[in-house]
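One letter stands for each residue in the lines below.
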Amino acid sequence: MRNSRAIVRLCLGTVALSATTSIATAQEASSLEQGDTLHEVIVTGSRIARRDYEANSPIVTVGVDDIKQTGEVSLEMSLQQLPQLTADMNATVPLLGNGGRAQLSLRGLGAGRNLVLLDGRRMVSSDLTGSIDINTIPSTLVESVEIITGGASAVYGSDAMSGVINFKLKDKFEGLEFDAQYNESFKGDAGQQQYGVTAGSSFNEGRGNAVMHLNYMQRDLILDSARDFFADANPAVGLPQGRFLVDATNLPTQAAVNQVFAQYGVAAGTVARTRALGFNDDGTLFPTTGSIVNYKGPQRPYMIQDATRVVHAAGQYISLVQPLNRYGVFGKLNYDVTDHVRFYSQFNFSQNDVDTTAGPTQITVNMSPTNPFIPADLRTILASRPNPNAPFQFSKVLGEAGLRTFGYRFTNWQLVGGLKGDLPVVDNWTWDVYGSYGATSSRFATLGNTDSAFIEQMTLAADGGASRCEGGLDLFGFNNGIIQNNTISDDCAKLIRRQPKEETNTEAKEFQAAVGGPLGKLPAGDIQVAATLGYRNYGYEFRPDTLSFNELPEGGTDFAVYTKATDSVKEASLEVLLPILRDKPAAQALNLNVAGRYSDYDSTGGTTTYKADVEWQPISQLRFRGGYQRAYRAPNPAELYGGAQTVRSTLGAPPAGGDPCDVRGNLRNGPNAAAVRALCVGVGMPDALADTYQFLAATVGGQRVGNPDVGPEKADTYTLGVVWNRELGPANLRTSLDYYDIEITDAISAVPLEVILNKCYNIDGSNPTFDPNNFFCALHSRSADTGAIQNAQLSNLNLGGFRTTGYDLTVDVRVPLPVGSLMFNTVINYVDRWERQVLPGGLWEDVNGAVTPTAGNPLQPISPVWRGLLSLSYDFDPFRIGTRVRYIDSMIDVAALTAPATAPPGVDAYYYVDLDASWRINDTLNLRAGIINLLDKDPPIVRGTPGVTNPATYDTIGQRFFIGMTASF
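Residue numbering note: each chain is counted from 1, following its sequence as written. Given that this is a predicted model, residues contribute local features only at a pLDDT of at least 70 and side-chain atom pairs are listed and counted only at 80 or more, while totals for whole chains, interfaces and linings are drawn from all residues. Computation of side-chain values: all heavy atoms of the structure, hydrogens and water removed.

*Asks:* Describe in detail the overall build of the protein, supporting the description with residues and values.
*Replies:* Of regular secondary structure, the protein possesses 11 helices and 54 strands. Working definition: with a 1.4 Å probe on protein chains only, accessible area under 20% of the residue-type maximum means buried, over 50% means exposed, and in between means partly exposed. Put simply, the protein has 969 residues, and 58% of those count as buried. Here a residue-residue contact requires only that any non-hydrogen atoms of the pair lie within 4.5 Å. Of the contacts formed within the protein by residues at least 6 apart in sequence, a portion of 71% connects residues at least 24 apart. Only the protein chains shown count as covering a residue, and every accessible area follows the Shrake-Rupley method with a 1.4 Å probe. For the protein, the accessible surface area stands at approximately 36100 Å², while carbon and sulfur atoms represent 57% of it. The helix count covers DSSP runs of H or I at least four residues long, the strand count covers runs of E at least two residues long, and both are numbered beginning at the N terminus.

What follows is the structure in structure tokens.
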């Protein structure tokens, strides 16, 4: 019933409101002049040139006009509206280290499992994972984008597990074109602007053509605090005056706590001796958890949450939209050396500059009880401990160091040169030989960080650090909630600041030779073949500095380790097209396409991939297509050789989320509460803390390391589809329906901390005896001082896999009218199954129709059952107006898959309405404008927590407009 209601709503939306993408399906025919061997069409997913442009795999083609009509400046924001692509890294995903990069994830299987091509050739990866930054593509030069579903390793090699995304650029351009666009929200922020200049000319009587393209894009920073939805987002315990953390092995007496709080008029026993204590500006105390009493602090960004915690809203400083300055240069040169040989070359350069901010750093240090700055009331409590001379733990949001500023520069360049042509001695045979070299460099620096170890030297000193800096380090003052604190001198603030940096460099070399043409005849036509030989070499280097080692609020260390690695592969492939029948009853065409590839990697050895596709066209208007493909993905250097790095995981908040050992959580208050408590102690929590432990940090760190013993991933893909073209009176109908089934095994991944906790603490039934020696329990331990999770081991392994099946429906209708024409288009995706398997041989977990705040992580996918992109436009030359509807189905919270009784609420179905219009003033000038998110819809709340959503899937900016122009001379 749920799916039936969804499709009814989708169909009603199609009638009422639609969009203007006019996305072309791959059954469009393209004819070539006889003998024009240098311009034959190559179908994405095949290296065989076919004059009928009939694809045997599901393909969606997006044209340049379709991209412009979305109103988005960046390519990934336009393309992620397609239902085949799911949420991944983009402008609204607040990852501080992504440096403005953008990625695409096909079918939700991860950016590293779909292959991104530029004009049919591989690009240089943007990081150690091998993923491609879509921002390196000259967006205003894109002519079209082809998206093919299914493994294509037999044709293109590794990484084409879920499919291929091929960006085609304008070719043989002549003249001068200027394109500009400006976007802004109706709130007066979210400014974006982009400019592109393209110049091209033929020379030497048309034998050569040169194209030069320059582009610039600028995107403004927006903080979470600019939107009411995020005003209280990311609550975390951390106070401007500081917080005293109790030690379960050295607790103060209840009598001392009662004595101090009695001065404030608080009844004895109200504040337990196990509570962490915060400091008001006047030095008085208040409990930071439990029943909050005597709190005198500011209200924002610090607040009392649910009457049980004093927190600060870290979202006040987090980027809602990452700022970006991007510069690009692109050049292309083609020259017909002879009537049978063409030289071609291509150069692409881009640079991203990003400067964004986050809240002040938070420290946790040990402090001497003799520190001269300790308030008197805290001294009374400290003196009552069994060991009054022992240091104690102190935590604070260190606003006096200033807001953290993250600076990032990412550069990418690639040079391609080659020769191609036909073989004059063999009819209709072509060849292509090229070489490519490219490199990326990313530099990341942070201002406003502090050195916890250095600070601790001063907090443990008898003079409080007065011998190191003017006045000593007084951490008990009030900083107005942000960055001002008069109790710390400029001399001390300067002394404790640090500026950690890191650098990542990659390079890629490629050589490839291809030849193809007819090889003999069958009654139904020529046998077509294509063969390739190739070599690729990759080099990677990750260079952190020693300042990347920082102590964490919950204990442990945030760190990274130097990494340098290389890998190379030698490959050979063969593809054959066999025409079986032609112009027969019930078989105007029946073709078989097969391909195979052998790849020999230095790192993992040899692999063989293959495919077989069938096409059957019983009548001219109807065509069936289907096939099977076996694909492989070799592990990337980060997975093989990556040095140890800290990976942060957000566990949510109790009662539904958070640490399973938190006494406020559902597990500690459910039917198995006693068994869970015993398990918490069994994995390392002090027994004295077990009945009062609360998880107060925002995130938990785990150690992720490479593993040179991991092998390649494998994928099996089945597709089956039907294409129908029909004239309905004056109207033209084109439609296709395709089924896909993708299963990936031996998936390379580390078991996420969330999964470790679910399975160790029996949240999903994996440990019914609550055995601390369970496999997943052994992957983490707990601090003997605080009880917090530590030493989580997240090593890369060939684990379980993923499998997804679904249907893609595309419909294109064009209806001529007395004045102009009406165009309707829809692309709908229905996901029948999306399952994950964490360990080989383990249970397959159905995560279909579930939502999570995390973007781009296949182990925690966001998978709406229905997604649709609908359009309706009216073209009455020289004007065109249109409307778009983007539909996202309702979803349950991902926690409902393992604990439906206690899971947070899901999200309702969402749709966004966009408007756009264009005016072709003359052959030179074309104007465009529109409104995105016309109804100004806020994103839905995910996890039932205010301020939490999936920013890669839902619109977090709100209603905005765009204006643009294209001038051609």
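*Asks:* Explain empty space enclosed by the protein to me, and be specific about the residues and the numbers.
*Replies:* It is the rolling of a water-molecule-sized probe over the atoms that shows where space remains empty. A pocket here means an open set of points on a 1 Å grid, computed over the protein atoms alone, that has protein on both sides within 12 Å along at least five of seven lines. A cavity is instead a set of points where a 1.4 Å probe fits but cannot get out; residues with an atom within 4 Å of a point line either one. Grid points are joined across faces, edges and corners, and a volume is the space filled by probe spheres set on the points. Overall, the coordinates contain 19 cavities of 30 Å³ or more when judged by the stated rule. Roughly 430 Å³ of internal volume is contained in the largest cavity. Those elements giving two or more residues to the lining of the largest cavity turn out to be strand 5 (114-118), strand 28 (501-522) and strand 29 (525-544). Charged means Asp, Glu, Lys or Arg here, nonpolar means Ala, Val, Leu, Ile, Met, Phe, Trp, Tyr, Cys or Pro, and polar covers whatever is left, Gly included. Of the residues contributing to the lining of the largest cavity, the split by class is 14 nonpolar, 11 polar and seven charged. In this model, the second largest cavity occupies a volume close to 350 Å³. Lining the second largest cavity are 26 residues; nearest its centre among them are Gln80, Arg886, Ala952, Thr953 and Tyr954. Elements represented by at least two residues in the lining of the second largest cavity include exactly strand 3 (85-86), strand 49 (866-876) and strand 50 (879-888). A per-element tally of the lining of the second largest cavity places strand 50 first, with three residues. Considered class by class, the residues forming the lining of the second largest cavity number 13 nonpolar, eight polar and five charged.

*Asks:* So, the nonpolar core: which residues are in play, and what are the values?
*Replies:* Nonpolar cores were defined as sets of buried Ala, Val, Leu, Ile, Met, Phe, Trp, Tyr and Cys residues, with membership established by side-chain atoms within 4.5 Å. Membership of the largest hydrophobic core comes to 34 residues, with the highest contact counts inside it found for Phe261, Leu378 and Leu475. Where this core is concerned, the elements lending two or more residues are helix 5 (254-262), strand 15 (277-279), strand 22 (362-367), helix 6 (376-383), strand 23 (392-397), helix 7 (452-459) and helix 8 (490-496). Leu378 has contacts with Phe244, Phe279, Leu285, Phe392 and Phe476, leaving out every residue within four places of it along the chain. In this structure, Tyr693, Cys777, Leu794 and Leu799 belong to the second largest nonpolar core, which totals 29 residues.

*Asks:* Before we move on, could you go through the state of the cysteines and cite the residues and values that matter?
*Replies:* Simply put, the disulfide is a covalent bond whose two ends are the sulfur atoms of two cysteines. The disulfide criterion is simple: two cysteine sulfur atoms within 2.5 Å. Following the criterion strictly, the structure yields three disulfides and no others. Put simply, Cys760 and Cys777 are joined by a disulfide, and their sulfur atoms are 2.1 Å apart. Between Cys760 and Cys777 the sulfur-sulfur dihedral comes to about 100°; the bridge is accordingly right-handed. With Cys760 in helix 11 (residues 753-760) and Cys777 in the loop between helix 11 and strand 41 (781-782), this pair connects stretches of sequence that are 17 residues apart. Like Cys760, the residue Cys777 is buried in the burial classification. With cysteine numbering restricted to those in disulfides and following the sequence, the protein has the pairing 1-2, 3-4, 5-6.

*Asks:* Give me the pattern of salt bridges: which residues, what numbers.
*Replies:* Here, a salt bridge means any Lys or Arg side-chain nitrogen found within 4 Å of an Asp or Glu carboxyl oxygen. Taken as a whole and judged by the stated rule, the model has 44 salt bridges. Here Asp613 and Lys611 are joined by a salt bridge, their closest N and O atoms 3.2 Å apart. The residues Asp613 and Lys611 share a single accessibility class, namely buried. What you see here is one network of salt bridges that share partners, running through Arg113, Arg633, Glu639 and Glu713.

*Asks:* Provide a residue-level description of the packing of aromatic side chains, including the pertinent values.
*Replies:* Pairing of aromatic rings covers Phe, Tyr and the six-membered ring of Trp, with a centre-to-centre limit of 6.5 Å; geometry is then stacked below 30 degrees between planes, edge-to-face above 60, and tilted otherwise. A full pass over the atoms with the stated rule returns 26 aromatic pairs. Geometrically, the ring pair formed by Tyr408 and Phe444 is tilted, given 5.9 Å between the ring centres and 55° between the ring planes. Residue Tyr408 is found in strand 24 (residues 404-422), and its partner Phe444 is found in strand 25 (residues 430-447); the two are separated by 36 residues along the sequence. Considered together, Tyr408 and Phe444 belong to a single accessibility category, that of buried residues. Three or more aromatic residues joined by ring pairs form one cluster here, namely Tyr739, Tyr807, Tyr830 and Trp866. Lysine NZ or arginine CZ positioned within 6 Å of the ring centre and within 35 degrees of the ring normal marks a charge as sitting over the ring. For Arg107, the ring lying beneath its charged end belongs to Tyr740, and the centroid distance is 3.8 Å. Sitting over the face of the ring of Tyr344, Lys420 holds its NZ or CZ atom 5.5 Å from the ring centroid.

*Asks:* Give a description of the sheet that holds strand 14 (residues 243-245) that names residues and reports values.
*Replies:* Each pair of strands is called paired provided DSSP finds at least two bridges between the two strands. One open sheet holds the five strands; their spatial order is 16-15-14-23-22, and the pairing between them is antiparallel. With partners counted over all chains shown, the strands left at the sheet margins are strand 16 (285-287) and strand 22, one partner each. Between one strand axis and the next, the sheet turns through 30° on average, direction left out of account. Where strand 22 lies against strand 23, six bridges are found, and the strand directions are antiparallel. Bridge assignment links Val365 to a residue of strand 23, and that residue is Phe394. In this fold helix 6 packs onto strand 14, strand 15, strand 16 and strand 23, with an angle of close to 60° to the strand it touches most, strand 16. Only the stretch in contact is used when a helix axis is fitted, and all axes are lines through C-alpha atoms; the angle between N-to-C directions ranges over 0 to 180 degrees.

*Asks:* Residues and numbers for a nonpolar patch on the surface, please.
*Replies:* Only residues above 30% relative accessible area that lack a salt bridge enter a patch, with like-charged residues linked at up to 9 Å and the nonpolar side chains Val, Leu, Ile, Met, Phe, Trp and Tyr linked at up to 5 Å. A cluster of nonpolar side chains, namely Leu176, Val197, Met212, Leu214 and Phe969, defines an oily patch on the protein surface of about 460 Å² accessible area. For Met212, the location among the structural elements is in strand 11 (residues 208-219).

*Asks:* An account of the environment of Gln351 is requested, with residue identities and associated values reported.
*Replies:* You can see Gln351 is positioned in strand 21 (residues 341-358). Classification of Gln351 as buried rests on a relative accessible area of 15%. Taking the C-alpha atoms as reference points, Gln351 and Gly100, separated by 251 residues in sequence, lie 10.0 Å from one another. Excluding residues that lie within four positions of it along the chain, Gln351 makes contacts with Asn325, Arg326, Tyr327, Arg409, Phe410 and Thr411. Within 3.5 Å is the distance limit for a polar contact, defined as a pair of N or O atoms, with the added protein rule that one can donate a hydrogen and the other accept it, and that residues adjacent in sequence qualify only through two side-chain atoms. In this structure the side chain of Gln351 is engaged in a polar contact, spanning 3.1 Å, whose partner is the side chain of Asp353.

*Asks:* Now, about unusual backbone geometry: what can you tell me, with residues and values included?
*Replies:* The omega torsion of the bond from Asp877 to Pro878 falls at 15°, within 30 degrees of zero and hence cis. Counting through the fold element by element, Pro878 comes out in the loop between strand 49 and strand 50. For Asp936, which is not a glycine, the phi torsion comes out positive at approximately 55°. For Asp936, the location among the structural elements is in the loop between strand 53 (925-932) and strand 54 (960-968). Overall, Asp936 belongs to the partly exposed group, its relative accessible area being 31%.

*Asks:* Any details on the pairing of strand 49? Residues and values, ideally.
*Replies:* Relative to strand 49, strand 46 (residues 821-837) is paired through 10 bridges, and the arrangement is antiparallel. Bridging from a neighbouring strand, Asn825 pairs with Ser871 of strand 49. Pairing analysis gives 10 bridges linking strand 49 to strand 50, with the strands arranged antiparallel. Bridged to Leu872 within strand 50 is Thr883.

*Asks:* Account for the packing of helix 5 against helix 6, naming residues and giving values.
*Replies:* One can describe the packing of helix 5 onto helix 6 by two numbers: an axis separation of 8 Å at closest approach and a directional angle of 165°. Taken as axis vectors, helix 5 and helix 6 run roughly antiparallel relative to one another. Handedness of the helix 5/helix 6 crossing: right-handed. Each of Ala256, Val257, Gln259 and Val260 in helix 5 lies in contact with helix 6, whose residues at this interface are Asp377, Thr380 and Ile381. For classification purposes, an angle smaller than 35 degrees is called roughly parallel, one larger than 145 roughly antiparallel, one from 65 to 115 roughly perpendicular, and anything else oblique. Two helices crossing with the near one rotated counterclockwise from the far one by less than a right angle form a left-handed crossing, whereas a clockwise rotation gives a right-handed crossing.

*Asks:* Before we move on, can you summarise the side chain of Glu76 with the specific residues and values?
*Replies:* Mapping Glu76 onto the fold places it in helix 3 (residues 75-79). Excluding its chain neighbours within four sequence positions, the residues that come into contact with Glu76 are Met89, Asn90, Ala91, Ala102, Leu104, Ile134 and Asn135.

*Asks:* Could you give me a rundown of helix 5, with the residues and numbers involved?
*Replies:* The complete set of buried residues in helix 5 reads Ala256, Val257, Asn258, Val260 and Phe261. Looking at the buried side of helix 5, the elements it contacts are strand 15, strand 16 and helix 6.

*Asks:* Summarise the environment of Gly130; cite the residues concerned and give the values.
*Replies:* Counting through the fold element by element, Gly130 comes out in the loop between strand 6 (121-122) and strand 7 (142-149). Classification of Gly130 by relative accessible area gives partly exposed; the value is 27%. C-alpha separation for the pair Gly130 and Ala638, spaced 508 residues apart in sequence, amounts to 8.5 Å.

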